[in-house]
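A structural walkthrough
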Amino acid sequence: MRKLKEVQRLGLVCHHNADPDSLLSAEVLKRILGRKLSCEILILAPAGVSSLARRMYEAIYGEEPLVEGIEELMMCDVLGLVDVSTLEQLGHEAKDLIESKFRGKIFIVDHHEPHERTMRLSFLNLIEPTSKATAIIVHRIAMWIGVELSKEEAEALMAAILHDTRHLNILDIEVLEVMKHLLERGADYNKVNRLFRREVSISERIARLKAAQRLKLYRVSKDGEDLLICISQVSAFEASAARALIELGADLALVIGGKGEDVRICARASPRFLEVTGTSLGKDVMMEIGKIVGGGGGGHDLAAGLNVRGSREEVLKVLMKVLEDKLKTRLKEYV
Ligand SMILES: [Mn+2]
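If you're wondering where the values come from, they're calculated on a predicted model, not measured in any experiment. (Residues numbered from 1 in each chain as written. Predicted model: local features only at pLDDT ≥ 70, side-chain atom pairs only at ≥ 80, totals over all residues. Heavy atoms only, no water.)

**A look at the coordination of the manganese ion**
Tetrahedral metal sites with four donors have an ideal angle of 109.5 degrees; octahedral sites with six donors have ideal angles of 90 or 180 degrees. Basically, it comes down to this: Coordination partners: N, O, S within 2.8 Å of the metal, 3.2 Å for Na, K and Ca; water not considered, so apparent gaps in a site are possible. Numbering of helices and strands starts at the N terminus; helices are DSSP runs of H or I of at least 4 residues and strands are runs of E of at least 2. With a 1.4 Å probe rolled over the protein chains alone, any residue whose accessible area is under 20% of its type maximum counts as buried; one over 50% counts as exposed, and the rest are partly exposed.
For the manganese ion, every protein donor is listed as Asp-21 (OD), Asp-83 (OD), His-111 (NE2) and Asp-164 (OD), and the spread of their distances is 2.1 to 2.4 Å. Donor residues binding the manganese ion come from one chain and are separated in sequence as D-x61-D-x27-H-x52-D. One end of the pair, Asp-83, is in the loop between strand 4 (78–82) and helix 5 (92–101); the other, His-111, is in the loop between strand 5 (106–110) and helix 6 (116–119), and 28 residues separate them in sequence. You'll find Asp-83 and His-111 in the same group, each marked buried.

Next up, the structure:
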């Protein structure tokens, strides 16, 4: 604190595509230090802020986050790295700048395993790898310097903790104690929890329901295991529709979408599908279809897609053929 008293401009730096733990911890740190220091304090996100963090910030503070980039970083005398463990996480430009101009003018507030190279640049390390979120360390700083958290600050730290602990899936006594204190400070748990939920639009929900209504179901036996395959069609939101069919119980969901001659296939599989068949949707299914019908197809084992110009009927035929070859069985509709 003594060292910070002489600072004119302090920059709190968030990591690349800043998540809620980085952005909201930095914001609360800014506000609590602001009550003890007279310097200007800025939030810097030289490599951007995630949309989730931005949305949460807006819901808690009722305004857009004020974050600055590299130009403002240059103008600071001291930097605090928040939830940042390596300078690589800040992008080239910021990394080079910090290494050349901020030696000994950095402090770190973080819960990742400390990196020698970053620590060599800093005059103060508040690093606690056993803590489940940087927000926990910021909470501790508030207690040390004797600052009372406002309701908004308590909610911001709570959102950060829920994010990093995956809704308290990762838990220890420290998390529970901090959560208890945040509730006592007036944080609304239900409200914070709701911030993680994405509103699904009416058209997306209609697409999901239509996909269920129009689906063709196939039951396939493979090495004594039964697999359920669903094929359906929508005009939009095919990825969301395919995910919905997996949630309904399909092992493999293939949803065809797109307008007119532009045909898109979206495929999703359960981990069980990959286990039983050894078939990767990206490599074995979509790329194969792509070889026959042209177009760009690919993806991962459990999620893949294909874009092609043609007719839905033709693409559907090829799709069935490739699947039958891969699964070494004929697909007959289950009624
Ligand atoms: Mn974190």
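**A few points about the packing of helix 2 (residues 20–34) against helix 8 (residues 151–164)**
Rules: Only the contacting stretch of a helix is used when fitting its axis, a line to C-alpha atoms as for every element, and angles between N-to-C directions run 0 to 180 degrees. Any angle between 65 and 115 degrees counts as roughly perpendicular, while under 35 counts as roughly parallel, over 145 as roughly antiparallel, and the rest as oblique. Each crossing gets its hand from how the near helix is turned against the far one by less than a right angle, where anticlockwise is left-handed and clockwise is right-handed. Contacts are assigned to residue pairs with any non-hydrogen atoms lying within 4.5 Å of each other.
The contact between helix 2 and helix 8 brings their axes to 8 Å, and the two run at 155°. Viewed along their axes, helix 2 and helix 8 adopt a mutual orientation that is roughly antiparallel. Here the hand of the crossing between helix 2 and helix 8 comes out left-handed. The residues of helix 8 that touch helix 2, namely those facing Pro-20, Asp-21, Leu-24, Ser-25, Val-28, Arg-31 and Ile-32, are Glu-153, Ala-156, Leu-157, Ala-159, Ala-160, His-163 and Asp-164.

**Looking at helix 15 (residues 312–327)**
Because each turn of an α-helix spans 3.6 residues, side chains separated by three or four positions end up pointing in the same direction. What counts here: Here, expected helix span is obtained from the residue count minus one, scaled by 1.5 Å.
Look at helix 15: 22 Å from first C-alpha to last across 16 residues, which is about the 22 Å you get at 1.5 Å a residue. Phi turns positive one or two residues past the end of helix 15, at Lys-328, with a value near 50°.

**Let's talk about the domain arrangement of the protein chain**
Quick note on the threshold: All domain edges in this entry derive from an automatic or database-based domain assignment.
Taken domain by domain, the protein chain consists of domain 1 (2–194) and domain 2 (202–327). Domain 1 and domain 2 are separated by 42 Å when their C-alpha centres are compared.

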